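Fold and contact review
Listed here are the chains, written in short residue letters.
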Amino acid sequence: MVLSDRSIREALASGRLVVDPLGENAVQPASLDIRLDRHFRVFRNHRQAYIDIREDIPELTEAESIADDEPFVLHPGEFVLGSTVERVELADDLVARVEGKSSLGRLGLLVHATAGFVDPGWKGNLTMELSNVATLPIRLYYGMKIGQLSFQNLTTAADRPYGHPDLKSRYQGQTLPTASRIYRDYQPPQSR
């Protein structure tokens, strides 16, 4: 079941859920608002002919930051990685889902492509996958409400939560938008 506002506040008070800093009026009836940080990873398409998911391509994206009141302009068809202001920590028996804000979706802003699930044991700032499917550029600002998290309890605590050494979790503890590390799944097999 999805946690209600009362259950979200209880999880925050008990430490099962950490959201720091917690925005003013962030707790909604069945979700918690998250805000956009000033840091982005912008794709530099002119540097690569293609993306090979088996290779680390550090020059594929470039870090960019904006000042407090400076807009980040997301052009039509553009895809960038952003980050949340909030650092989020989930207990081993709690999961979260990232969802967009309805008002932003009505303007053509999508906040995640596929990474909408936050595993139990997660600790760090969330990387947002921002896309503009509208026909006009959209200005994004530091501190704006960018999405919301809904929460669910697991039936039991996870035996191997995110960050467990056996899982080789790629993004545990991230503080900035982090480029894909899928290439780590495609290391050549060792010779016998």
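For the structure itself, consult the block above.
Residues numbered from 1 in each chain as written. Predicted model: local features only at pLDDT ≥ 70, side-chain atom pairs only at ≥ 80, totals over all residues. Heavy atoms only, no water.

1. What to know about the overall build of the protein
Secondary structure summary: the protein contains two helices and eleven strands in total. For 192 residues, the compact-globule estimate of 2.2 N^0.38 gives 16 Å, and the protein sits close to it at 18 Å. By the burial criterion, 37% of the 192 residues in the protein qualify as buried. As presented, the protein carries roughly 11,200 Å² of accessible surface, and 49% of it is formed by carbon and sulfur atoms. Here the protein holds 22 positive side-chain charges and 26 negative ones, and the gap between their average locations is 2 Å. (Helix = DSSP H or I, 4+ residues; strand = E, 2+ residues; numbered from the N terminus. Rg over C-alpha atoms; globule rule 2.2 N^0.38 Å. Buried < 20%, exposed > 50% of the residue type's maximum accessible area, 1.4 Å probe, protein only. Areas by Shrake-Rupley, 256 points an atom, 1.4 Å probe, with all protein chains shown as cover. Lys, Arg positive; Asp, Glu negative; His and termini not counted. Charge placed at Lys NZ, Arg CZ, Asp CG, Glu CD.)

2. Remarks on the packing of aromatic side chains
For any pair of aromatic rings, geometry is given as the distance between the ring centres together with the angle between the planes. Scanning all chains against the criterion turns up three aromatic pairs. Relative to F72, the ring of F40 has its centre 3.9 Å away and its plane inclined at 15 degrees; by these criteria the two rings are stacked. With F40 in strand β2 (residues 32-43) and F72 in strand β4 (residues 72-74), the pair connects residues that are 32 residues apart, well separated along the chain. Its relative accessible area of 1% is what places F40 among the buried residues. Judged by relative accessible area, F72 falls into the buried class, the value being 6%. Seen from their ring centres, W122 and Y162 are 5.5 Å apart, and the 50 degrees between their planes marks the pair as tilted. Pair noted here: W122 is in the loop between β8 (117-118) and β9 (123-132) and Y162 is in the segment after β11 (145-153), with a separation of 40 residues, a long-range link. Here W122 and Y162 have matching classes, each one buried. The ring of Y142 is capped by R38, whose NZ or CZ atom sits 3.8 Å from the centre of that ring. (Phe/Tyr/Trp six-rings, centres within 6.5 Å; stacked < 30°, edge-to-face > 60°. Lys NZ or Arg CZ within 6 Å of the ring centre and 35° of its normal.)

3. With respect to the nonpolar core
If you look at the biggest cluster of nonpolar residues, it comprises 37 residues, and the most contacted ones within it are L17, L90, L130, L140, I146 and F151. When residues of this core are assigned to their parent elements, the largest contribution, five residues, is made by β2. Not counting the four nearest positions on each side in its chain, L140 is found in contact with L36, I66, E70, P71, F72, L74, L109 and L130. (Core = buried A, V, L, I, M, F, W, Y, C linked by side-chain atoms within 4.5 Å. Contact = heavy atoms within 4.5 Å.)

4. What to know about the layout of surface pockets
The rolling of a water-molecule-sized probe over the atoms marks out the regions of remaining empty space. Size it by volume and the largest pocket reaches roughly 1,000 Å³. What lines the largest pocket is a set of 43 residues, and nearest its centre among them are L81, Y171, T178, A179 and S180. The set of elements that each furnish at least two residues to the lining of the largest pocket consists of β2, β3 (61-65), β5 (79-90), β8 and β9. Considering only residue class, the lining of the largest pocket consists of 26 nonpolar, nine polar and eight charged. As a volume, the second largest pocket reaches approximately 170 Å³. For the second largest pocket, the full set of lining residues is Y162, L167, K168, S169, R170, Y171, R184 and D185. (1 Å grid on protein atoms, 1.4 Å probe; cavity = no way out; pocket = protein on both sides within 12 Å on 5 of 7 lines; lining within 4 Å. Points joined across faces, edges and corners; volume = space filled by probe spheres on them. Nonpolar A, V, L, I, M, F, W, Y, C, P; charged D, E, K, R; others polar.)

5. Some remarks on the pairing of β11
The pairing of β2 with β11 spans four bridges and is antiparallel. Pairing of L32 across the sheet is with L149, part of β11. Across seven bridges, strand β6 (residues 94-100) lies against β11 in antiparallel orientation. In the sheet register, E99 faces β11, and the bridge partner there is Q148. (Pairing = 2+ DSSP bridges.)

6. Comments concerning the environment of L109
Turning to its location among the elements, L109 is positioned in strand β7 (residues 109-110). When its relative accessible area of 4% is taken as the criterion, L109 is described as buried. Look past the residues within four positions of L109 in its chain and what remains in contact with it is L74, L104, S131, I138, L140 and I146.

7. A closer look at the pattern of salt bridges
Summed over the entire model, instances satisfying the criterion amount to ten salt bridges. Put simply, R35 and E86 hold a salt bridge, and the shortest N to O gap is 2.6 Å. Taken as a pair, R35 in strand β2 and E86 in strand β5 lie far apart in primary sequence, 51 residues in all. For E86, a relative accessible area of 0% translates into the label buried. The residue R160 makes a salt bridge to D166 at a minimum N-O spacing of 4.0 Å. Shared partners join several salt bridges into a network, and the residues in it are D33, K101 and K145. (Salt bridge = Lys/Arg side-chain N within 4 Å of Asp/Glu carboxyl O.)

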